[in-house]
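Coordinate inspection notes
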Amino acid sequence: MTTLKYSTYVAPSKPAVSDDLPPGEVQRMWSPTAATLISGDHDAVLVDPLMTQAEGEDLAGWIAATGKNLTAVFVTHSHGDHFFGAAPVLDRFPQARLVALPSVVEGMRKQLTAPWLDGFWRLRFPGQLPERLVVAEPLDGALTLEGEELIAMDLGHTDTDGSSALYVPSIGLVVAGDAVYDEVHLYLAESAEGGLDHWLTALDKLEALDPVAVVSGHRQADASDDPRYIDETRRYLNTFARAAAGTSAALDLYNAVLESYPDRLNRGVLWNSARALKSS
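The notes below deal with the structure included here. Residue numbering note: each chain is counted from 1, following its sequence as written. Reporting in this predicted model follows two pLDDT cut-offs: at least 70 for local features of residues, and 80 or more for side-chain atom pairs to be given and counted; totals over whole chains, interfaces and linings ignore these cut-offs and use all residues. Heavy atoms from the whole structure form the basis of all side-chain values; hydrogens and water molecules are not counted.

Some remarks on the pairing of strand E5 (residues 43-47)
- Note on classification: 1.4 Å probe, protein chains only; a residue is buried when its accessible area is under 20% of the maximum for its type, exposed when over 50%, partly exposed between these limits. A helix here means a DSSP run of H or I that spans at least four residues, while a strand means a run of E at least two residues long, and both kinds are numbered starting from the N terminus. Burial analysis of E5 places four of its five residues in the buried class, which makes it a mostly covered element.
- Of the strand pairs in this sheet, strand E4 (residues 33-39) and E5 are connected by four bridges, and their pairing is antiparallel. Bridged to Leu37 within E5 is Leu46.
- When DSSP locates at least two bridges between a pair of strands, those strands are taken to pair. Connecting the antiparallel pair E4 and E5 is a turn made up of three residues.
- Where E5 lies against strand E6 (residues 69-74), five bridges are found, and the strand directions are parallel. If you follow Val47 over to E6, its bridge partner there is Phe74.

Points about the pattern of salt bridges
- What makes a salt bridge here is a side-chain nitrogen of Lys or Arg within 4 Å of a carboxyl oxygen of Asp or Glu, nothing more. Considering all chains together, one arrives at twelve salt bridges under this definition.
- When the shortest N-O distance is used, the salt bridge between Asp20 and Arg275 registers 3.2 Å. Linking Asp20 in the loop between strand E2 (14-16) and strand E3 (28-30) with Arg275 in helix H8 (residues 267-277), this pair joins segments that are 255 residues apart in sequence.
- Classification of Arg275 as partly exposed rests on a relative accessible area of 32%.
- Glu232 is the salt-bridge partner of Arg228, the closest N and O atoms lying 3.5 Å from each other. Separated by four residues within a single helix, Arg228 and Glu232 lie in helix H6 (residues 228-245), roughly one turn from each other.
- Assessed through its relative accessible area of 40%, Arg228 is described here as partly exposed.

So, the environment of Arg92
- Position of Arg92 relative to the elements: it lies in helix H2 (residues 86-92).
- Among the residues examined, Arg92 registers a relative accessible area of 48% and is labelled partly exposed.
- The sequence separation of Arg92 and Ala64 amounts to 28 residues, and the corresponding C-alpha distance is 8.3 Å.

Remarks on the side chain of Ser163
- Relative to the elements of secondary structure, Ser163 occurs in strand E11 (residues 163-168).
- Under this definition, polar contacts are N or O atom pairs within 3.5 Å; protein pairs additionally need one hydrogen-donor-capable and one acceptor-capable atom, and for neighbouring residues in sequence, both atoms have to be side-chain atoms. Polar side-chain contacts of Ser163 include one of 3.0 Å to the backbone oxygen of Thr160.
- Pairs of residues are marked as contacts when any of their non-hydrogen atoms sit within 4.5 Å. With near-sequence residues (within four places) excluded, Ser163 lies in contact with Thr76, His77, Met153, Asp154, Leu155, Gly156 and Thr158.

Points about the nonpolar core
- Put simply, buried Ala, Val, Leu, Ile, Met, Phe, Trp, Tyr and Cys residues joined by side-chain atoms within 4.5 Å make one nonpolar core. With 56 residues, the main nonpolar core has Ile38, Leu46, Leu70, Val89, Leu143 and Leu166 as its most contacted residues.
- When neighbours within four sequence positions are excluded, Val89 is seen to be in contact with Leu46, Pro49, Gly56, Leu59, Ala60, Ile63, Leu70 and Val73.
- Judged by nonpolar contacts, the second largest core, of 37 residues, contains Met153, Tyr187, Leu200 and Ala244.

Examining helix H1 (residues 53-66)
- Here a helix's expected span is defined as the number of its residues, less one, multiplied by 1.5 Å. Taking 1.5 Å of rise per residue, the 14 residues of H1 would be expected to cover 20 Å, and the 21 Å separating its terminal C-alpha atoms lies within 8% of that figure.
- Within H1 the residues assigned to the buried category are Glu55, Gly56, Leu59, Ala60 and Ile63. Taken down its axis, H1 places every buried residue within 135° of arc, on the same side.
- At its buried positions, H1 is contacted by strand E1 (5-11), E2, E4, E5, E6 and H2.
- Looking one or two residues beyond H1, the residue adopting positive phi is Gly67, at roughly 75°. Working definition: the arc comes from the directions between the helix axis and the C-beta atoms, pointing outward to the latter.

By themselves, these figures tell us nothing about what the structure is for.
This is how it looks when you write it as structure tokens:
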């Protein structure tokens, strides 16, 4: 049997247009975002094709340089920064299928409605998104890559509803999407009304796999893929929950979490999370 391998492409942090900035910040930045290529001797599967036209084109070139035949592109969840860049990749590899679990497909369609696409994404990244935005076809069952199974795991709510991860049992790899964050502040704006508890349950599912490597959806290029970031994400969620229970205003919540995590990337996403859960 083929011994699969993986490699990770990380789109660096980039400016986003916003006038809602945390105290002391002069620019809203977007978190660095990971795409993962799982490859065999000849074929490959990509996980999460990033967001902008430029990112998709660069990602496609990176894949082409490996000489692998891209057979599928799997999307872990419906946030646009993880799938809008699919079109440039598919233009380079037209034989590849774009697939996701049905719950993710439903969320992808919602992201392409006017309130989200025009009211959120295009406002923050004007002129940068691909003209053609594509939605995945529902995946029924597992993917296979040169005889090895890649298992799409339904995780329910993590940083959004309908999240998933891709598990590669033969090499102990979990491509976790945004279920796991590595040294980047978590996006928690969609986690009111039990969302934190659902996310913790999803982390338990991933930890039970006893993975060898875990690729986080938001991470720096030199991240270790250490499975300990499952527990680090859990710790962050619990810290945020305790801070939320003990504060009534967004600024107080922001400062309480920042005190515990002063060095994580992207304070802007922490501010957005605090503002979504608390009054100003």
